Amino acid sequence: MQNKTRRVREEGGYSRSVFQSPSHSGIATRAIFFPFVRMLRNIEEAGTQARWLLLILIGLPGLIVLLLCVTPLDPILVFSHAGYERPSIVYGYDSTGKSVPIAEFYKFSRRVIDLSEGDGQEAKVVKSFLATEDNNFYMHPGVDPQGILRAALVNAMAGRIREGASTITQQVARLRFLSNERSMFRKIREAFLALLLEVRYSKKDILEMYLNEVPLGHGTLGVEAAADFYFGKSHTDLSWGESALLASLTTRPRDFSPLTNPNESRKKVRVVLRKLVETGTISISEAEAEYKALEDNFYSTLNRSPNDTAFNRRMNLFPYVTEYVKKTIPDELQDELYSGGLQIQTTIVVEHQKAAEDTMQPWLARLTEQRKRRPFKNFFAFDDEVGSFLPLIHAVQDAFSTPAPEYLVKRARLPFEFEREFIPAMRLELSLLNMLAGEENLAAAIDRNIQVTAVEEDQKVEGALISIRPDTGAITAVLGGSGFVSQNQQLRFLTSRRQPGSSFKPIVYAAGIEETGLNPGTEKPLTAATVLDDSPVQFLSADLSEYSPDNYTENYEGPIRLRKALQLSKNAVAVRVYERLGASRINPVAEKILGFDVAKPARKLPREATVALGTVEMTPFEMARTYCVFASGGYEVRPYLIESIKDVHGKVLYDGAGEQRGRGKRVLSAGTAQIVTSMMQDVVRKGTGTGAALPGREVAGKTGTTNRNTDAWFIGFTGQLVTAIQIGYDSGRTLGSGGTGGSLAAPVWGQYMNRALMKEAGKRFEFPESNVQVVEICDETGMLPSAGCSSTIPEYFLPGTAPKTEGKEFRAGDPERGEAKRKREDIFSEKDF
């Protein structure tokens with residue numbers, strides 16, 4: 001039947017529909033079934049001895065078979081088994097603090113329904129399954145003898161399996177406890193388990209189990225998951241036609257799937273609707289109308305891939321977060337992740353995560369497009385330009401008895417151009433042809449082309465982002481790359497170790513200020529006002545090689561205050577600070593700030609001046625955690641992603657925000673944290689990080705660019721959020737001219753933070769435990785202002801470290817300043833922003 005219903009005129013003078021059983025149906029079955037029933041009644045009417053004899057003849061072999069098929073553990077299996085395999089749901093927070101789902105884990109999609117809610121047992125889909133699978137469900141004890149006998153006779157007459165006899169209870173037993181093996185032993189055990197299920201559970205519970213367990217194709221288990229997959233509805237909202245479609249999938253979901261075999265699906269749906277008519281559930285006219293509606297609204301508009309599955313449609317709003325959850329979940333709960341129905345509450349803020357993906361990924365795509373290298377194709381430029389002159393050159397050199405160097409053509413033009421132009425377009429066809437022909441030269445050409453193509457493929461500019469609340473350690477957003485695809489699923493914020501460049505300088509300066517400011521007896525403490533010489537410097541690396549780092553601009557300021565040196569990212573000054581104090585004083589404090597002292601395994605900083613320039617490889621996660629020390633006022637912060645994990649009943653299985661998370665011990669004095677934070681505020685206000693400024697908010701941070709511009713960093717924070725961003729090629733390729741932290745990382749950091757914090761009020765930096773002193777100093781000398789000081793500024797000092805004398809101003813013509821202002825053009829330079 002298409003859209004019109006076929007009608008056939010019968011003797012009774014009424015029209016019959018295709019949804020009414022054909023008149024000849026069941027004739028052969030009745031010919032055998034009724035005589036067999038009559039024979040059983042004759043035995044029943046016989047005497048007691050005949051009945052006992054019949055019981056022995058039937059019961060004894062049955063008992064033997066039962067003992068062979070069942071096990072003593074079956075009752076325990078039925079009475080102890082409870083619950084379903086449920087998907088685990090991952091939650092984040094929206095801007096109001098409400099918990100919202102963001103991802104789910106499952107092997108098969110199942111959404112558990114409860115028939116006790118509302119009119120659950122009256123739903124159309126429930127009645128459709130009962131009519132199709134077990135019309136006597138509420139009358140049999142788990143096994144339907146009449147149904148078994150009827151099915152046996154029908155199948156015997158047909159010479160093949162045409163009708164099944166499994167009740168819904170038997171199907172539950174098979175789905176829960178048995179395999180799909182087709183054998184008499186399995187069938188007998190299935191029947192035994194069904195009887196036990198009827199003892200253990202009510203009919204409502206058994207029906208509920210069935211509707212939650214039955215596989216309905218394309219990775220769906222149960223009617224709720226299937227209703228959502230096929231129709232995008234809840235099972236309670238399905239029409240009779242839609243319900244009939246789901247009920248048609250119980251026997252062979254793959255064969256009767258409307259996505260893979262729509263014609264077979266139509267036929268099966270008509271069979272189900274006919275059964276609904278036969279059981280009196282719906283009328284013939286209703287069946288016809290429902291089928292027409294299903295045809296018009298579903299089949300005729302169906303445009304989905306046959307390979308579509310519920311797994312492809314699972315909720316996964318933020319793939320990098322989902323992957324991070326998989327790596328972070330405790331080992332003891334890993335086995336339950338896909339089936340235990342865990343409720344995983346993360347600290348992710350949906351607005352932050354959306355902002356990260358909406359700003360970073362387009363930014364990385366833009367950088368990739370800007371830095372694409374056009375493939376070099378003019379391989380014969382030299383031959384084209386001067387090839388014709390080579391004979392003349394040889395003749396002249398031979399005349400003067402000067403042998404000319406031999407000019408070798410490694411490859412002829414024709415085969416080379418063949419490989420470059422023809423092979424890429426015909427690579428698959430040529431490979432298949434070569435498998436038949438076995439031509440070695442062609443195979444070699446194809447292999448060379450694949451290698452050349454792989455090398456010439458454009459690499460993507462990748463990046464990473466992570467945001468952490470400095471007061472709690474809660475991770476609110478993560479991003480691992482330019483897009484979570486099959487070839488790009490790295491969690492770079494967690495695994496990508498790169499040199500952080502100048503973003504490491506605040507750590508070195510904080511260590512110096514802390515060490516010299518808190519240790520009594522230090523004659524010349526390091527302060528934000530300390531004047532150091534910004535001039536070329538050379539030192540020996542650990543391998544005894546000479547190293548001379550240049551400033552990025554190759555300009556030198558001469559005497560310069562430490563605050564301004566950080567603002568302008570002066571490399572020479574950072575090296576001089578490290579050399580002046582030494583590794584024995586800088587490293588221990590810096591390692592505490594970095595968390596190296598409690599890391600497993602413990603890490604140590606190299607004892608060389610290059611540390612001051614950020615040559616120690618760090619991940620964005622580690623850099624963000626380190627900057628949390630400044631933002632929190634000097635406390636160690638232990639970041640965490642998973643806040644809690646509960647089971648399906650709400651019992652807490654894991655508390656991620658416990659004692660091992662959040663704010664820890666003090667690793668830096670509040671005064672030093674305040675001083676270094678104020679120095680980094682100047683970096684954003686008027687230094688290399690101006691691109692990260694946020695209107696109306698206090699921002700502190702530092703740019704970082706590694707040697708040869710291979711990586712660009714910006715790590716910064718406001719009063720409520722610390723964010724680290726790293727940008728670079730995975731291969732370590734240079735980002736090119738202008739590929740600095742100030743030009744690549746700081747602007748996108750500002751865009752992200754502006755969007756992420758749009759619904760959060762601004763928060764000022766607060767250091768309630770700080771005991772710093774504010775002293776007016778001379779801008780030029782860093783000392784107390786003298787009569788000749790042209791401008792003064794307020795500066796922060798730890799107690800006892802403020803200057804006590806006036807300083808001497810540098811004049812414009814002083815040789816010391818003039819010498820320091822010169823440019824240097826060394827072959828090797830540490831261009832670090």
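Residues numbered from 1 in each chain as written. Predicted model: local features only at pLDDT ≥ 70, side-chain atom pairs only at ≥ 80, totals over all residues. Heavy atoms only, no water.

S.K.: Can you help me understand the overall build of the chain in this one?
M.R.: Within the chain, the regular secondary structure consists of 28 helices and 22 strands. The 833 residues of the chain split such that 49% are buried. Partitioning the intrachain contacts of the chain with sequence separation of at least 6 by distance along the chain shows that 70% fall at a separation of at least 24. When the accessible area of the chain is evaluated, it comes to approximately 41300 Å², of which 53% is carbon and sulfur surface. (Helix = DSSP H or I, 4+ residues; strand = E, 2+ residues; numbered from the N terminus. Buried < 20%, exposed > 50% of the residue type's maximum accessible area, 1.4 Å probe, protein only. Contact = heavy atoms within 4.5 Å. Areas by Shrake-Rupley, 256 points an atom, 1.4 Å probe, with all protein chains shown as cover.)

S.K.: I keep staring at the side chain of E357 and nothing clicks. Help me out?
M.R.: Along the polypeptide, E357 turns up in helix α14 (residues 350-370). Although E357 is buried, it forms no salt bridge, and the closest oppositely charged side chain is K354 at an N-O distance of 9.5 Å. Leaving out residues up to four positions away in the same chain, E357 has contacts with L317, F318, P319, P362 and L479. (Lys, Arg positive; Asp, Glu negative; His and termini not counted. Salt bridge = Lys/Arg side-chain N within 4 Å of Asp/Glu carboxyl O.)

S.K.: Explanation requested: the state of the cysteines in the structure shown.
M.R.: Here a disulfide denotes one covalent bond, and it connects the sulfur atoms of two cysteines. Under the counting rule described, the total for this entry stands at one disulfide. Two residues, C778 and C789, share a disulfide whose sulfurs are 2.4 Å apart. Taking the torsion about the S-S bond as the criterion, the C778 to C789 disulfide, at about 105°, is right-handed. Of this pair, C778 sits in strand β21 (residues 773-778) while C789 sits in the loop between β21 and β22 (792-797); the two residues are eleven residues apart in sequence, bridging distant segments of the chain. (Disulfide = S-S within 2.5 Å.)

S.K.: What should I look at first to understand the pairing of strand β7 (residues 343-349) in this one?
M.R.: With six of seven residues buried, β7 is to be regarded as a mostly interior element. By the bridge criterion, four bridges tie strand β3 (residues 88-93) to β7 in an arrangement that is parallel. When the sheet's bridge partners are listed, Y93 is paired in β7 with V349. In this structure, β7 lies alongside strand β15 (residues 642-646), joined through four bridges in antiparallel fashion. The partner of Q345 across the bridge, within β15, is S644. (Pairing = 2+ DSSP bridges.)

S.K.: Looking at this structure, I do not really get the sheet that holds strand β19 (residues 711-717). What am I missing?
M.R.: Strand pairing in a sheet takes place through backbone hydrogen bonds and is either antiparallel or parallel in direction. Taking strand neighbours across the sheet as the criterion, the five strands line up as β9-β8-β20-β19-β18 in an open arrangement whose pairing is antiparallel. The sheet terminates laterally at β9 (475-479) and β18 (700-705), the two strands that pair on one side only. The sheet shows a mean angle of 5° between the axes of neighbouring strands, taken without regard to direction. For β19 and strand β20 (residues 722-729), the ladder comprises seven bridges, and the chain directions are antiparallel. Following the sheet pairing, I715 is matched in β20 by A724. Contacts from α14 reach β8 (461-468), β9 and β20, with the element oriented near 25° to β9. The strands touched by helix α26 (residues 670-686) within the sheet are β18 and β19, with β18 carrying the most contacts at an inclination of about 65°. (Axes fitted to C-alpha atoms, helices over the stretch in contact; angles between N-to-C directions.)

S.K.: Even after reading the chapter, I still don't get the side chain of T530, so can you show me in this structure?
M.R.: Its location among the elements puts T530 in the loop between α21 (505-518) and β10 (531-534). On the basis of relative accessible area, T530 is assigned to the buried category, the value being 10%. From its side chain, T530 meets the backbone nitrogen of T527 in a polar contact 2.8 Å long. Once residues lying within four places of it in the same chain are set aside, the contact partners of T530 are P525, I560, R561, L562 and R580. (Polar contact = N/O pair within 3.5 Å; in protein donor to acceptor, adjacent residues only side chain to side chain.)

S.K.: What's the story with the sheet that holds β7 in this structure? I'm lost.
M.R.: Here we have five strands laid out as an open sheet, ordered β4-β3-β7-β15-β16, and mixed in their pairing. Every other strand in the sheet has two partners, leaving β4 (99-105) and β16 (652-655) as the edge strands with one partner each. On average, each strand axis in the sheet is tilted by 25° relative to the strand beside it, whichever way the strands run. Against the sheet, helix α13 (residues 319-328) makes contact with β3, β4, β7 and β15, and its axis sits at roughly 75° relative to β4, the strand it touches most. Relative to β7, α14 is tilted by about 60°, and along the sheet it contacts β3, β4 and β7.

S.K.: What exactly am I supposed to notice about the pattern of salt bridges here?
M.R.: Two side chains with opposite charge may pair up if their charged atoms get near one another. Applying the stated criterion to the full structure yields 32 salt bridges. The partner of E698 in a salt bridge is R764, with the nearest N and O atoms 3.2 Å apart. Taken together, the residues span a long stretch of sequence, with E698 in the loop between α26 and β18 and R764 in the loop between α27 (741-756) and β21 at a distance of 66 residues. One salt-bridge network, held together by shared partners, links R563, D682, R685 and E795.

S.K.: Quick question: what am I supposed to make of the packing of aromatic side chains here?
M.R.: Aromatic ring pairs: the centre-centre distance and the angle between the two ring planes describe each pair. A full pass over the atoms with the stated rule returns 14 aromatic pairs. Centre to centre, the rings of F231 and F298 are 5.0 Å apart; their planes meet at 55°, and the pair counts as tilted. You can see F231 sitting in helix α9 (residues 223-231) and its partner F298 sitting in the loop between α12 (284-297) and α13, a full 67 residues away along the chain. Relative accessible area serves as the criterion here: at 14%, F231 is assigned to the buried category. Ring geometry for Y627 against F717: centres 6.5 Å apart, planes inclined by 75°, an arrangement best described as edge-to-face. Remark: F717 occurs in strand β19 and Y627 occurs in helix α25 (residues 620-631); sequence separation between them is 90 residues. The same class applies to Y627 and to F717, which are both buried. Pairwise contacts between aromatic rings join F229, Y230, F231, F298 and Y299 into one cluster. (Phe/Tyr/Trp six-rings, centres within 6.5 Å; stacked < 30°, edge-to-face > 60°.)

S.K.: What is the right way to look at the packing of α9 against helix α10 (residues 240-247) in this model?
M.R.: Angle between the axes and distance between the axes: these two values describe a pair of packed helices. In the contact formed by α9 and α10, the axes pass within 11 Å of each other and the chain directions differ by 115°. With respect to α10, the element α9 is oriented roughly perpendicular. In this structure, α9 meets α10 at a crossing whose hand is right-handed. Of the residues in α10, those in contact with V223, A226, A227, Y230 and F231 of α9 are E242, L245 and L246. A per-class count over the contact of α9 with α10 returns seven nonpolar, no polar and one charged. (Parallel < 35°, antiparallel > 145°, perpendicular 65-115°, else oblique. Left-handed = near helix turned anticlockwise from the far one by under 90°. Nonpolar A, V, L, I, M, F, W, Y, C, P; charged D, E, K, R; others polar.)

S.K.: Would you explain α9 in this entry?
M.R.: Along an α-helix, residues three or four apart share an orientation, since each turn contains 3.6 residues. The element α9 is extensively covered by neighbouring structure, given that eight of its nine residues are classed as buried. Along α9, the residues that are buried comprise V223, E224, A225, A226, A227, F229, Y230 and F231. Phi for G232, located one or two positions after α9, is positive at around 65°.

S.K.: So what exactly am I meant to see when it comes to the environment of G671 here?
M.R.: Looking at where G671 falls in the secondary structure, it is placed in helix α26. Among the residues examined, G671 registers a relative accessible area of 2% and is labelled buried. A C-alpha to C-alpha distance of 9.8 Å links G671 and G517, two positions 154 residues apart in sequence. If we ignore the near neighbours within four places in the chain, the residues touching G671 are S770, V772 and L798.

Take it as geometry only, folks, not as evidence of what the structure does.
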